[in-house]
Amino acid sequence: MPWLRSLISPDRTSDVRRTVRRLFDRASPTEVYTLPQLAEQLHVSAVENLIAALAELTSEKVVDQVFRVESPKNRGGIEDFDRLEDIPDRIRDWRQDAEIDVDPHMVRVLFRKHARGLPRASSPVE
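Trainee: Lay out unusual backbone geometry with the relevant residues and their values.
Mentor: Positive phi values are uncommon outside glycine, yet His43 reaches one of about 55°. Locating His43 in the fold gives a position in the loop between α3 (35–41) and α4 (47–59). Within the chain, Asp97 stands out as a residue other than glycine whose phi angle is a positive 50°. One can find Asp97 in the loop between β4 (90–93) and β5 (98–101). According to the relative accessible area criterion, Asp97 is exposed, its value standing at 57%.

Trainee: Can you break down the confidence of the model for the protein residue by residue, with the values?
Mentor: Here the protein shows a mean pLDDT of 85. Residues at 70 or above account for 83%. Note that residues 118–122 has pLDDT below 50 and, in this model, 10 contacts with residues that lie over four places away or in other chains.

Trainee: Report on the nonpolar core, specifying residues and quantitative values.
Mentor: Burial of nonpolar side chains together is a common tendency in soluble globular proteins. Of all hydrophobic cores here, the largest spans 17 residues; its most connected members are Val20, Phe24, Leu38, Leu50, Leu54 and Val63. Where this core is concerned, the elements lending two or more residues are α2 (10–26), α3 and α4. Apart from residues no more than four positions distant in its own chain, Val20 is found in contact with Leu42, Leu50, Leu54 and Leu57. Core analysis: the next-biggest nonpolar cluster, separate from the first, contains nine residues, Phe67, Val69, Ile100 and Val102 among them.

Analysis parameters
- By convention here, each chain's residues receive numbers from 1 onward along its written sequence.
- Whole-chain, interface and lining totals are the exception, using all residues; otherwise, since this is a predicted model, local features are given only for residues with pLDDT of at least 70 and side-chain atom pairs are given and counted only at 80 or more.
- Processing note: side-chain calculations cover all non-hydrogen atoms of the structure and skip hydrogens and water entirely.
- To qualify as a helix, a DSSP run of H or I must reach at least 4 residues; to qualify as a strand, a run of E must reach at least 2; elements of each kind are numbered from the N terminus.
- Three exposure classes are used, based on accessible area relative to the maximum for each residue type with a 1.4 Å probe and protein chains only: buried under 20%, partly exposed in between, and exposed over 50%.
- What pLDDT reports is the predictor's confidence in each residue, on a scale of 0 through 100.
- Here, two residues are considered to be in contact whenever any of their heavy atoms come within 4.5 Å of each other.
- Working definition of a nonpolar core: buried Ala, Val, Leu, Ile, Met, Phe, Trp, Tyr and Cys residues. They are joined through side-chain atoms within 4.5 Å.

Here's what the structure looks like:
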């Protein structure tokens with residue numbers, strides 16, 4: 001995508017990448033961040049640079065991208081998934097003790113420190 005490359009400065013992306021890496025190196029395995037939270041916390045004005053840095057760090061297994069299904073009635077996560085296509089159409093919402101349909105607005109994209117060791121399947125959120 002030539003237009004995207006023209007928006008992203010390689011030098012600035014490297015700076016953002018180093019900053020993001022430092023944040024996740026220090027993070028606990030349970031800390032999760034949304035893209036807006038990362039941009040605000042790291043004082044990143046060009047979100048394109050942050051997205052590029054997260055993509056690189058995800059492919060290098062420094063950062064994991066997680067898709068969290070959240071309860072529509074009781075604030076909080078129900079279950080995390082590694083891939084969007086792994087999210088079922090129906091899920092057990094343990095927060096309201098009911099089986100519910102999953103709507104796209106219930107899914108949040110989060111980033112966290114890479115989970116070392118065995119690959120994760122879906123995992124309940126505590």
